[in-house]
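Survey of secondary and tertiary structure
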Amino acid sequence: MFRNLVDHPWVLVILVVLLIALFGSKRLPDAARGLGRSMRIFKSEVKEMKNDGKEDAKTSPTAAAKDSEPTALEAKLAAEQAEQKAGEHQTRAS
């Protein structure tokens, strides 16, 4: 089927004209953009699925210990939450 497109370029021209006639010139670029985004998301998800199994096998006890340590942002958020709770407790006690 695809050989006909290469051997006879007029078939491709007819297909393009039909697509423009059916969907309009404004909708085709949006549809192509949406298809491209979908393909990028699909490829990244497939790549992530492939890497999930590899990362689980490579995880060592030291890597697990690093993951359990809070990051600077997490520590800061925890400190802010503790301050808020202390402030609420003082307000209730007053």
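Residues numbered from 1 in each chain as written. Predicted model: local features only at pLDDT ≥ 70, side-chain atom pairs only at ≥ 80, totals over all residues. Heavy atoms only, no water.

1. Observations regarding the overall build of the protein
For clarity, the threshold we go by: Numbering of helices and strands starts at the N terminus; helices are DSSP runs of H or I of at least 4 residues and strands are runs of E of at least 2. With a 1.4 Å probe rolled over the protein chains alone, any residue whose accessible area is under 20% of its type maximum counts as buried; one over 50% counts as exposed, and the rest are partly exposed. Values of accessible area rely on a 1.4 Å probe in the Shrake-Rupley scheme; residue burial ignores everything except the protein chains shown.
Broken down by element type, the protein carries 5 helices and 0 strands. Taken from N to C terminus, the helices and strands of the protein fall in the order α-α-α-α-α. Across the 94 residues of the protein, 0% fall into the buried class. Carbon and sulfur atoms make up 62% of the accessible area of the protein, which amounts to about 9,000 Å² in all.

2. Brief notes about a negative patch on the surface
Convention followed: Residues enter patches when their relative accessible area tops 30% and they take part in no salt bridge; the joining distance is 9 Å for like charges and 5 Å for the nonpolar side chains Val, Leu, Ile, Met, Phe, Trp and Tyr. A carboxyl oxygen of Asp or Glu within 4 Å of a side-chain nitrogen of Lys or Arg is what we treat as a salt bridge. We treat Lys and Arg as the positive residues and Asp and Glu as the negative residues; His and chain ends play no part in the count. Positions of charges follow a simple convention, taking NZ of Lys, CZ of Arg, CG of Asp or CD of Glu.
A surface patch of like charges, here negative, comprises E45, E48, D52 and E55. Relative to the assigned elements, E45 resides in helix 3 (residues 27-58).

3. Regarding the pattern of salt bridges
Counting across every chain of the model gives 1 salt bridge. For the salt bridge of D30 with R33, the shortest nitrogen-to-oxygen distance reads 2.8 Å. Of this pair, D30 and R33 both sit in helix 3, 3 residues apart, roughly one helical turn.

4. What about the confidence of the model for the protein?
Residues shown with low pLDDT carry predicted positions that ought not to be read at fine detail. The line we're drawing: For every residue, the predictor reports its confidence as pLDDT, a number between 0 and 100.
With 70% of its residues at a pLDDT of at least 70, the protein reaches an overall mean of 77. Averaged over each element, pLDDT in the protein is lowest for helix 4 (residues 61-68) (54) and highest for helix 3 (86).

5. Considering helix 2 (residues 9-23)
Put simply, the rule is: Any helix carries an expected span of 1.5 Å times its number of residues minus one.
For helix 2, spanning 15 residues, the distance from its first C-alpha to its last is 21 Å, which sits close to the expected 21 Å at 1.5 Å a residue. Positive backbone phi, approximately 85°, marks G24, located one or two places after helix 2.

6. Details of a nonpolar patch on the surface
On the surface, L12, L15, V16 and I20 cluster together into a nonpolar patch covering about 320 Å² of accessible area. Tracing the backbone through its elements, the reader meets L12 in helix 2. Here L12 falls in the partly exposed class, since its relative accessible area comes to 43%.

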